[in-house]
Amino acid sequence: MRRLFILLPPMLWLLLLVAAPLGILGLIAFAEAGPGVPPFIPPLGWAGGPVWQGSSESIGTLLADPYYLEAFLRSLLTAFVTAALCLLLAYPMALGIAGARPPWRIPLLLLVLLPFWTGFLPRLGAWIGLLRDGGWVNGMLGAMGIGPLRLLYSDLALYLGMVHAYLPFAVLPLATALMRRDLALEEAAADLGAGPWVVFRSVTLPLSLPAAASAFLLVFIPAAGEFVIPELLGPPEAQLVGRVLWGEFFQNRDWPLAAGLALALLVLLLPPILLFQRLGRRG
Amino acid sequence: MALLTVQGLAKRFGVARALDGLDLEVRPGEFLALLGGSGSGKSTLLRLVAGFEQPDAGRILLEGADLAGLPPHRRPVSMMFQSYALFPHLSVFDNVAYGLRREGVARAETAQRVAEALAMVGLEALGGRKPQQLSGGQRQRVALVRALVKRPRLLLLDEPLAALDAGLRERTGFELRALQRRTGAGFVMVTHDQAEALALADRIAVLEAGRLAQCGPPAELYERPATRFVARFLGAANVLEGRVAADGAVEAAGCRLLLPHGRAPGEILAVALRPERIRLLPGAPPAANGAAGVLRDLAYRGDAWMALVALPDGTELRVALPAGAAPPELGSPVALGWAAEALVPLAG
């Protein structure tokens, strides 16, 4: 009874804010698009009794049209490259923060989080200002006799924006794990004859792999559904799931297809999320 | 030549002085215990010798060669950590092989030496396990052979028995001693446990506030402590202080202490008197080397009763009474006596 009482608030929260919306999303995905507000015919109707009037047409479209499959693959690739770049940049940062003297660690971590204190869109606007054809970077390149280069709306701009936005998610778990590591292990390795690089390769790195996997997935999972950065910085051909979904929902007003896309993304991201949970339990 | 020579070694952490001009020698093949309370600088000394910390002043010589400037991985000493510091991601075999692989020892020889090392401590069957699958005592032995497998001339041990259960500690101590004799390596063991130091070491160096208080064989330190600190730290001796009278006896705590050798009259002298050297006497105490007091408290130790006897001036003496006989009642008057040889004059 007491257990139930303790569990009730989170259960209610999950039911109202996760399960119910997901159910509605599922219903919309199996509805038929149609004129009206909202722009679909509810799949469960009433004509003297409950009547099924839904269709699996949007799911069929999703599977049949290679445009959507390509969007998924591109999204996963973009998320993978973003996560890998973030991991490569975050590891030395985290190592540096963990190696700093204790009074410096928290200020350094706060510096990593500093971008979160300003608006996300103004920061992307700043990138646009830097990268556009007549922007600062091209201005400087021009002064050196190079350019102008097409920097904005390119993969370069896309990844700059993605890494910029997601890097803190990779630094935080790595820095916490590296700060908590047992330095006696590294001293023992050095004592047994391992130089600094060998100590890192044979002790520090392998022991931080669970944290590195967490960092990777913490970037990969949200990056796979990212909409704003590809839209504002990326090349027009970078039709990622987030952009396609937005287009189906707001431009084509095809809610069933948009709902199907959202569900498919969720299904695709479920394995990495489960993996993340297992890593979390082990770490 | 000495195996390890430490000269004028000093190290401070902020304002705290961990070592304050320490001089020490370790002989080849010797088992030396560094004994001291927390903050006495004993662990700092190990870390300086291993190269994890840099001294502020002084020199560390290994077989005459100065170790200054050598990083830990180039120093021919091994260390066994208090936490054991076993690599959790490596098997027992790979943990022990780690040092040999860093040396570039051939694969077949590595396998053979690791197997021999594990057999030496009875763990030959557990090479495939991970450290977290071992018991505390097994982990301790893996840490020990991991440090020994490289055949160092000097092994540093930081509280090697502290993490073990009391029951296991004595047996493991004997094993440690046997292993030390077998390998012939010099062992320097840090401990805060005086019984451990007395039982295992060839010589004990007692550290107090970053300086060497006394260094010598266990029996010598126990029987003839040089300072109050050593007397109290080893075996918790009673320390009585007083002025030497005209006849050469020390007058302290209302008793007359007659030492085997006379002292100069007028000198202020501290004298150590071990609890087990004091006897309970029937009748009145002797005029010298005896005292009358009241039994204040009793603690049963199994092999003896530890009694607190209050002297007329308020001083409390610790007295070990044989466990065989029934002790006097609490609060009853008792007469104490001791031999002149039991009195050890202290220098400081």
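Residues numbered from 1 in each chain as written. Chains lettered and ligands numbered in written order. Predicted model: local features only at pLDDT ≥ 70, side-chain atom pairs only at ≥ 80, totals over all residues. Heavy atoms only, no water.

- The name recorded for chain B in an unreviewed UniProt entry is ABC transporter ATP-binding protein, from Belnapia mucosa.

- If you look chain A up in an unreviewed UniProt entry, it shows as ABC transporter permease subunit from Belnapia mucosa.
- On record in UniProt, under Sequence similarities (unreviewed entry), the comment for chain A is "Belongs to the binding-protein-dependent transport system permease family. CysTW subfamily."
- Under Subcellular location (unreviewed entry), UniProt gives the following word-for-word description of chain A: "Cell membrane". (UniProt positions renumbered as here; feature names shortened; annotations may be inferred.)

1. Regarding the overall build of chain A
Step number 1: Looking only at helices and strands, chain A features 13 helices and four strands.
Step number 2: Its C-alpha atoms give chain A a radius of gyration of 24 Å, more than 25% over the compact-globule value 19 Å for 283 residues.
Step number 3: When its C-alpha atoms are laid out on the principal axes, chain A stretches across 80 × 70 × 35 Å.
Step number 4: The proportion of buried residues among the 283 residues of chain A is 39%. (Helix = DSSP H or I, 4+ residues; strand = E, 2+ residues; numbered from the N terminus. Rg over C-alpha atoms; globule rule 2.2 N^0.38 Å. Buried < 20%, exposed > 50% of the residue type's maximum accessible area, 1.4 Å probe, protein only.)

2. Topic: the packing of helix α5 (residues 120–131) of chain A against helix α6 (residues 136–143) of chain A
Residues and elements named next belong to chain A.
Step number 1: At a minimum axis separation of 4 Å, α5 and α6 run at an interaxial angle of 20°. Classified by the angle their axes make, α5 and α6 are roughly parallel. Taking contact as the criterion, the partners of G129, L130 and L131 in α5 are, on α6, W136, V137 and N138.
Step number 2: The class makeup of the residues in the contact of α5 with α6 is four nonpolar, two polar and no charged. (Axes fitted to C-alpha atoms, helices over the stretch in contact; angles between N-to-C directions. Parallel < 35°, antiparallel > 145°, perpendicular 65-115°, else oblique. Contact = heavy atoms within 4.5 Å. Nonpolar A, V, L, I, M, F, W, Y, C, P; charged D, E, K, R; others polar.)

3. Some thoughts on the UniProt feature "domain: ABC transporter" (unreviewed entry) in chain B
Step number 1: Under the local residue numbering, the UniProt record ascribes the feature "domain: ABC transporter" (unreviewed entry) to residues 4–234 of chain B.
Step number 2: End C-alpha to end C-alpha, residues 4–234 of chain B measures 25 Å, and it is 37% helix and 26% strand.

4. Looking at the domain arrangement of chain B
Residue and element names in this part refer to chain B.
Step number 1: For chain B, the assigned domains are domain 1 (4–226) and domain 2 (236–346).
Step number 2: The C-alpha centroid of domain 2 is placed 39 Å from the C-alpha centroid of domain 1.
Step number 3: Three residues, Y222, R224 and P225, lead the burial of domain 1 against domain 2; their summed loss comes to 70% of the area buried on that side.
Step number 4: Where domain 1 packs against domain 2, one counts one salt bridge.
Step number 5: The closest approach of N and O atoms between R277 and E223, which form a salt bridge, is 3.2 Å.
Step number 6: Where domain 1 meets domain 2, there are three residue pairs in polar contact (both at pLDDT 80 or more).
Step number 7: By residue class, the composition of the side of domain 1 that touches domain 2 is four nonpolar, no polar and two charged. (Domains from an automatic or database assignment. Buried area = accessible area lost by both parts, 1.4 Å probe. Salt bridge = Lys/Arg side-chain N within 4 Å of Asp/Glu carboxyl O. Polar contact = N/O pair within 3.5 Å; in protein donor to acceptor, adjacent residues only side chain to side chain.)

5. Some thoughts on the interface of chain A and chain B
Step number 1: Counting residues at the interface gives 18 residues for chain A, matched by 20 residues for chain B.
Step number 2: The junction of chain A with chain B conceals about 1,600 Å² of combined surface from both sides, 63% of it contributed by carbon and sulfur atoms.
Step number 3: Ranking the residues of chain A by area buried against chain B places A:E187, A:D191 and A:L192 at the top, with a combined share of 43%.
Step number 4: Between chain A and chain B we count one salt bridge in total.
Step number 5: With its nearest N and O atoms 2.6 Å apart, the salt bridge here joins A:E187 to B:R47.
Step number 6: By residue class, the composition of the side of chain A that touches chain B is 13 nonpolar, three polar and two charged.

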